[in-house]
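# Descriptive structure summary
Listed below, chain by chain, are the residues.
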Amino acid sequence: MNKLALRKKYKALRAELTEAQLEDLSLLISNQLLHLPIWSYTFYHIFLSIAEQKEINTDYILNILSGKDKNILISKSDFTTGAMHSFLLTDNTVIKKNSYNIPEPVDGIEIENSKTDVVFVPLLAFDNKGNRVGYGKGFYDRFLAQCKPGTVKIGLSFFEAETETIETFETDVKLDFCVTPHKTYRF
């Protein structure tokens with residue numbers, strides 16, 4: 001299935017969600033995560049939600065990670081190189097939105113991407129084989145390629161898997177899991 005068409009379809013589906021639906025679905029996804037065998041790791045990378053894109057509210061997951069006393073990593077994107085740099089989220093971390101409305105740390109303690117154990121991956125769509133469609137800039141594929149081989153990659157989606165296989169490119173990195181409000185997919 002064509003990534004461009006899927007981006008358009010899922011952006012439109014997200015746009016239809018009310019704020020109440022977005023919060024309810026985000027909470028359901030967070031609760032589903034509690035059943036995954038991922039809680040013995042140390043470094044967890046999570047995206048901070050872009051409210052304007054109606055992304056999953058990751059605040060609920062941040063609360064779980066904090067409550068479990070995990071090291072939380074958030075990223076800062078370099079739009080010149082296409083790289084993502086991970087920073088440890090602390091009480092002193094200052095977060096500002098960049099020109100794309102992505103909340104990012106201003107500065108802080110940078111952690112090598114290769115130390116990441118678990119990554120919560122944003123996406124627009126995914127299929128039953130663990131392929132995903134993001135926004136099309138390749139930031140996460142480049143980032144995931146820098147993580148260690150055993151890093152657990154977990155997609156988060158409001159919607160269920162596409163039944164048709166999504167087109168892939170050589171640089172695409174597959175997910176290990178994808179969690180929706182009502183189901184967890186394992187690949």
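Residues numbered from 1 in each chain as written. Predicted model: local features only at pLDDT ≥ 70, side-chain atom pairs only at ≥ 80, totals over all residues. Heavy atoms only, no water.

## Quick notes on helix α4 (residues 139-146)
Short version of the rule: Here the term buried applies to any residue with accessible area under 20% of the maximum for its type, exposed to any over 50%, and partly exposed to those in between, with areas from a 1.4 Å probe on protein chains only. Starting at the N terminus, helices and strands are each numbered in turn, a helix being any DSSP run of H or I of at least four residues and a strand any DSSP run of E of at least two. Note on contacts: a residue pair is in contact if any heavy atoms of the two residues lie within 4.5 Å.
Buried within α4 are the following residues: Phe139, Tyr140, Asp141, Phe143 and Leu144. Buried residues in α4 make contact with β1 (43-45), β2 (71-78), β3 (83-88), β7 (118-121), β9 (132-133) and β10 (152-156).

## Some thoughts on the sheet that holds strand β12 (residues 184-186)
How we decide: DSSP calls a pair of strands paired once it identifies at least 2 bridges connecting them.
Reading across the sheet, the eight strands line up as β6-β3-β2-β1-β7-β10-β11-β12 and stay open at both edges, with mixed pairing between neighbours. Looking at strand neighbours, the two that pair on one side only are β6 (110-111) and β12, the edges of this open sheet. Bridge count between β10 and strand β11 (residues 177-179): three bridges; the pairing is parallel. For glycine 155, the partnering residue across the bridge sits in β11 and is cysteine 178.

## Let's talk about the side chain of lysine 153
Note the following rule: Within 3.5 Å is the distance limit for a polar contact, defined as a pair of N or O atoms, with the added protein rule that one can donate a hydrogen and the other accept it, and that residues adjacent in sequence qualify only through two side-chain atoms.
Tracing the chain through its elements places lysine 153 in strand β10. A relative accessible area of 11% means that lysine 153 is categorised as buried. Reaching out from lysine 153, the side chain makes a polar contact with the backbone oxygen of threonine 151 at a distance of 3.0 Å. Excluding anything up to four places from it in sequence, lysine 153 contacts Val119, Val121, Leu144, Val173, Lys174, Leu175, Asp176 and Phe177.

## Structural notes on the packing of helix α2 (residues 19-33) against helix α3 (residues 59-67)
Note the following rule: Here an angle of 0 to 180 degrees is reported between the N-to-C directions of two axes, which are lines fitted to C-alpha atoms, with helices fitted over the stretch in contact. Just so you know how the angles are binned, under 35 degrees is roughly parallel, over 145 roughly antiparallel, 65 to 115 roughly perpendicular, and the rest oblique. A crossing counts as left-handed when the near helix is turned anticlockwise from the far one by less than a right angle, and as right-handed when that turn is clockwise.
Interaxial distance between α2 and α3 falls to 8 Å at its minimum, and their mutual angle equals 30°. By the angle between their directions, the pair α2 and α3 is classed as roughly parallel. Remark: the crossing between α2 and α3 carries right-handed chirality. Across the interface between the two elements, Glu23, Ser26, Leu27, Ser30 and Leu33 of α2 pack against Tyr60, Ile61 and Ile64 of α3.

## Here's the deal with the packing of aromatic side chains
Condition: Classification of ring pairs rests on two measures: the distance between centres of Phe, Tyr or Trp rings, Trp counted by its six-membered ring, which must be within 6.5 Å, and the angle between planes, read as stacked under 30 degrees, edge-to-face over 60 and tilted in between.
Under the counting rule described, the total for this entry stands at nine aromatic pairs. Taking the centre distance of 5.8 Å and the plane angle of 15° together, the rings of tryptophan 39 and tyrosine 44 count as stacked. On the basis of relative accessibility, which here comes to 16%, the residue tryptophan 39 falls in the buried class. Given the relative accessible area of 0%, tyrosine 44 is considered buried. Plain terms: the ring middles of tyrosine 140 and phenylalanine 143 are 6.0 Å apart, the flat faces sit at 80° to each other, and that makes the pair edge-to-face. Highlighted residues: tyrosine 140 and phenylalanine 143, both in helix α4, separated by three residues, approximately one helical turn.

The values reported here are purely geometric and, on their own, carry no functional implication.
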